[in-house]
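Letter by letter, the chains look like this.
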Amino acid sequence: MKILVCISHVPDTTSKINFKDDNSKFDSTGVQYVINPHDEFVLTRAMWFKEKQGASLTVVNVGDASSEPTLRKALAIGADDAIRVNAEPTDGFYVAKQLAEVIKNGGYDLVLAGRESLDYNGGMVPGMIASLIDYNFVNACIGIDVEENQVTATREIDGGKEVVSTELPLIIGGQKGLVEDKDLRIPNMRGIMMARKKPLQVVEPIDTNTTTASISFDKPEPRSACKMVDSDNLDELISLLHNEAKVI
Amino acid sequence: MSVLVFADNSEGKFKKNAFEVTSYGKKVAEMTQTNLVVLTINADNVSELANYGAEKILKVSNDQLKDFNAKAYADVVKQAAEKEGADIVIIDSSSNGSYFAPLVAVNLEAGYASNAVELPSSISPFVIKRKAFSSKAFNNTEIKTSNKVIGLSKNSFGLVENSVNTNEEDFTPTLSDDDFNVTFKSVEKATGKVSIADADIVVSGGRGLKSGENWGIIEELADVLGAATACSKPVSDLGWRPHSEHVGQTGKPVSSNLYIAIGISGAIQHLAGVNSSKVKVVINTDPEAPFFKAADYGIVGDAFDVVPRLTEKLKEFKANQ
Ligand SMILES: Cc1cc2nc3c(=O)[nH]c(=O)nc-3n(C[C@H](O)[C@H](O)[C@H](O)COP(=O)(O)OP(=O)(O)OC[C@H]3O[C@@H](n4cnc5c(N)ncnc54)[C@H](O)[C@@H]3O)c2cc1C
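In this text the structure is predicted, and so the values were computed from the model without any measurement.

(A) Quick peek at the overall build of chain A. Counting its secondary structure elements, chain A contains six helices and 15 strands. Taking the principal axes of its C-alpha atoms as reference, chain A extends roughly 65 × 45 × 40 Å. Sorting the 248 residues of chain A into buried and exposed places 55% on the buried side. Long-range contacts, defined here as pairs at least 24 residues apart, represent 70% of the contacts in chain A between residues at least 6 apart. For chain A, the exposed surface amounts to about 10,900 Å²; the carbon and sulfur share of it is 47%. When the 26 basic and 37 acidic side-chain charges of chain A are each reduced to a single mean position, those positions are 6 Å apart.

This is the structure we're talking about:
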């Protein structure tokens, strides 16, 4: 089985989000980048397929050279090789088109992506890829088993979960549940040394359009100060929630 | 031209999100000076949609579509959009909606703006505000294509009553075997519990509760309020609560009307996911807990003392309503 894991390179979750150039661009000053947390869960699940079922494991990112440390980290965790599509990931559709091309060329059986990336939260790349290359698709995937060509997958639904069956080739939008937090791997020294020697291929993007454009950013309105209520005066809290906030 | 809204249902019944996307669709149709068409699949009774401005309703009845199937639903929406000449398609952000909306976008060669929180700020160019960076910010996104798909963030627009006369029409889409390559096997749903996605009120507990066995006070408070229960990430990592209750940047997003955080410090990753809730109440022993800075109402106190008393008071309050 040939597996491709799509890796998004995103600001660390502790980052303060700021903008520059008249709020038209994200300000990356002082921001640390990491593997998108959802992608880390799918990558760890992919490692299981590699170790237990002999799958090959390639990771891919659409981005400029600054995302290479993130790809190297994925190699240090255990991926066999990496591909970087040398382009600015301008919108979800553009990224999906680039990845669809990589998948067609590489003939991957199973493509694992995160449910959404924690920068633009589009949640659209996996579904768009599936539609572009006609792969089966399971979103918000929290469990996956593959036997030969047959796949059983679990997806999260509002208020529960659902089990579906399908076949390869398949793409999933995955998240925690595929593996747990404690299963995530921190690259060790040996992994990091080996990662330096693993192939990281840079390919040029295909010519394609974007369908959306980012115009500007806004920050949430600053909120008014928190009203403190004495713990011996819970009637006041109830009255505030009922009369002022009108939520109960 | 027209605006097509997909109004989802659960076992034949509409939930609030169906009325919200319809209300929103009606306003978008007014802004673009076109008509609203609402598409339903296997809904029992569509008449309620007329209260929110559904001038025309397309009704699909098809046993093959009894269980949600992203590809099949995306095909139905595409065919409905083509039939109605719809250039704007609006879908909710439920687990089903966000699953199949990207497929609809590719089907219609449309740009897709997910997690939209407002009406378009302009029609030409078509610009819409959407959540980004896990609600730490918003992005104003232009959709450049002539066809457009909008994913409306839950509870961002609300319901707007707007009674109209409705014209109902049966619609029979053409489905192929290929649409069903992902097949439904089984479902597991917590019965008698409100889900975080559907809840108007969410009661959430953190590590301050010290053990999973102490969750009784959270559940009782949630019960009186008709609320869903949720938790911080370490609580689910420790196995005190199921992962499905983990909220925050890496868990489920919450955009309820009221979010009550008990024994939760308010780490940036937690706040990111719950920020878009309208009103936040924090109960914490530590007056310096960062969550107070992001809250509307705060109580400094011990959860084991405050929460049971609050539950009793709320019971009285509810009884007198
Ligand atoms: C990549 C990454 C992603 C993350 N994603 C998420 C996420 O999605 N969601 C999330 O929640 N976290 C997330 N976290 C974790 C986050 O950083 C915090 O560690 C976590 O939110 C803290 O949970 P907590 O508030 O329950 O616990 P703590 O920070 O330990 O806070 C416990 C609070 O309880 C109070 N307390 C103690 N006793 C009582 C009492 N008797 N009564 C009342 N209050 C009491 C304390 O004063 C304290 O404020 C993430 C972290 C990382 C690194």
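(B) Summary view of the overall build of chain B. What chain B contains, in helices and strands, is seven helices and 17 strands. Relative to the 2.2 N^0.38 estimate, which gives 20 Å for 321 residues, the radius of gyration of chain B is 21 Å and therefore close to what a compact globule would have. Principal axes of the C-alpha set define a box for chain B whose edges measure 60 × 40 × 40 Å. Taking all 321 residues of chain B together, 59% fall into the buried category. For chain B, the share of sequence-separated contacts (at least 6 apart) that also reach a separation of at least 24 residues comes to 65%. Here chain B has roughly 12,400 Å² of accessible surface; of this, 46% comes from carbon and sulfur atoms. Separation between the mean location of the 33 positive side-chain charges and that of the 40 negative ones in chain B comes to 5 Å.

(C) Looking closely at the packing of helix α3 (residues 92-106) of chain A against helix α4 (residues 125-133) of chain A. Residues and elements named next belong to chain A. Taken N-terminus to C-terminus, the directions of α3 and α4 make an angle of 50°; their axes are 9 Å apart at the nearest point. In terms of their interaxial angle, α3 and α4 are classed as oblique. By crossing handedness, the relation of α3 to α4 is classed as right-handed. Side by side, α3 and α4 meet where G92, F93, V95, A96, K97, L99, A100, I103 and K104 of the first sit next to V125, M128, I129, L132 and I133 of the second.

(D) Region of interest: helix α2 (residues 70-84) of chain B. Residues and elements named next belong to chain B. With 15 residues, α2 should cover 21 Å at 1.5 Å per step; its first-to-last C-alpha distance of 21 Å lies within 8% of that length. Looking at the packing, one finds that the buried side of α2 touches β1 (2-6), β4 (35-41), β5 (56-60), β6 (86-92) and α3 (95-107). With a side-chain oxygen positioned 3.1 Å from the backbone nitrogen of K71, the residue opening α2 is N69. Two residues or fewer after α2 comes G85, characterised by a positive phi angle close to 60°.

(E) Structural detail: the pairing of strand β7 (residues 81-86) of chain A. Residue and element names in this part refer to chain A. Looking at chain direction, strand β6 (residues 56-63) and β7 are connected through six bridges and run parallel. If you follow T58 over to β7, its bridge partner there is D81. For the crossover from β6 across helix α2 (residues 68-77) to β7, the handedness is right-handed. Here four bridges tie β7 to strand β13 (residues 200-203), and the two strands are oriented parallel to one another. What sits directly across from V85, in β13, is V203.

(F) A look at the sheet that holds β13 of chain A. Sheet architecture is open: 10 strands sit in the order β13(A)-β7(A)-β6(A)-β1(A)-β8(A)-β12(A)-β9(A)-β10(A)-β11(A)-β12(B), paired in mixed fashion. Each edge of the sheet is formed by a strand with only one pairing partner; in this case those strands are β13 of chain A together with β12 (183-189) of chain B. Neighbour to neighbour, the strand axes of the sheet diverge by 25° on average, direction disregarded. Relative to strand β8 (residues 110-114) of chain A, strand β1 (residues 2-6) of chain A runs parallel, the two sharing three bridges. Along β8 of chain A, the bridge assignment pairs V5 of chain A with L112 of chain A. The strands touched by α4 of chain A within the sheet are β8, β9 (136-147) and β12 (170-174) of chain A, with β12 of chain A carrying the most contacts at an inclination of about 170°.

(G) Local environment of the interface of chain A and chain B. Counting residues at the interface gives 73 residues for chain A, matched by 83 residues for chain B. Interface of chain A and chain B: buried area, both sides summed, is about 6,800 Å²; carbon and sulfur atoms make up 57% of it. Broken down residue by residue, the surface that chain A buries against chain B is led by D158, R223 and L234 of chain A, which jointly contribute 10%. Linking chain A with chain B are eight salt bridges, by the criterion used here. Residues K71 of chain B and D134 of chain A are paired through a salt bridge, measuring 3.1 Å at the closest nitrogen-oxygen approach.

(H) Region of interest: the site of the ligand. All names here are of chain B. Taken together, 27 residues surround the ligand, and among them S232, S265, Q269, H270 and N284 come closest. A distance of 3.3 Å is found between a nitrogen atom of the ligand and a backbone nitrogen or oxygen belonging to T285. Notes on the ligand: free accessible area 1,000 Å², of which the protein chains cover 77%. Broken down by secondary-structure element, the contributors of at least two residues to the shell around the ligand are α5 (233-237), α6 (268-274) and α7 (303-319). Of the residues in the shell around the ligand, the class split is six nonpolar, 16 polar and five charged.

(I) Molecular detail of the domain arrangement of chain B. Residues and elements named next belong to chain B. Taken as a whole, chain B is organised into domain 1 (2-180) and domain 2 (201-319). With centres defined by C-alpha atoms, the gap from domain 1 to domain 2 works out at 32 Å. Facing seven residues of domain 1, the contacting portion of domain 2 comprises 10 residues. At the boundary of domain 1 with domain 2, total buried surface from both sides reaches about 690 Å², with 33% on carbon and sulfur atoms. At the surface where domain 1 touches domain 2, the tally comes to zero salt bridges.

Reading the values: the criteria
- Residues numbered from 1 in each chain as written.
- Chains lettered and ligands numbered in written order.
- Predicted model: local features only at pLDDT ≥ 70, side-chain atom pairs only at ≥ 80, totals over all residues.
- Heavy atoms only, no water.
- Helix = DSSP H or I, 4+ residues; strand = E, 2+ residues; numbered from the N terminus.
- Buried < 20%, exposed > 50% of the residue type's maximum accessible area, 1.4 Å probe, protein only.
- Contact = heavy atoms within 4.5 Å.
- Areas by Shrake-Rupley, 256 points an atom, 1.4 Å probe, with all protein chains shown as cover.
- Lys, Arg positive; Asp, Glu negative; His and termini not counted.
- Charge placed at Lys NZ, Arg CZ, Asp CG, Glu CD.
- Rg over C-alpha atoms; globule rule 2.2 N^0.38 Å.
- Axes fitted to C-alpha atoms, helices over the stretch in contact; angles between N-to-C directions.
- Parallel < 35°, antiparallel > 145°, perpendicular 65-115°, else oblique.
- Left-handed = near helix turned anticlockwise from the far one by under 90°.
- Expected span 1.5 Å × (residues − 1).
- Polar contact = N/O pair within 3.5 Å; in protein donor to acceptor, adjacent residues only side chain to side chain.
- Pairing = 2+ DSSP bridges.
- Right-handed = clockwise from strand over helix to strand, strands pointing away.
- Buried area = accessible area lost by both parts, 1.4 Å probe.
- Salt bridge = Lys/Arg side-chain N within 4 Å of Asp/Glu carboxyl O.
- Near = heavy atom within 4 Å.
- Nonpolar A, V, L, I, M, F, W, Y, C, P; charged D, E, K, R; others polar.
- Domains from an automatic or database assignment.

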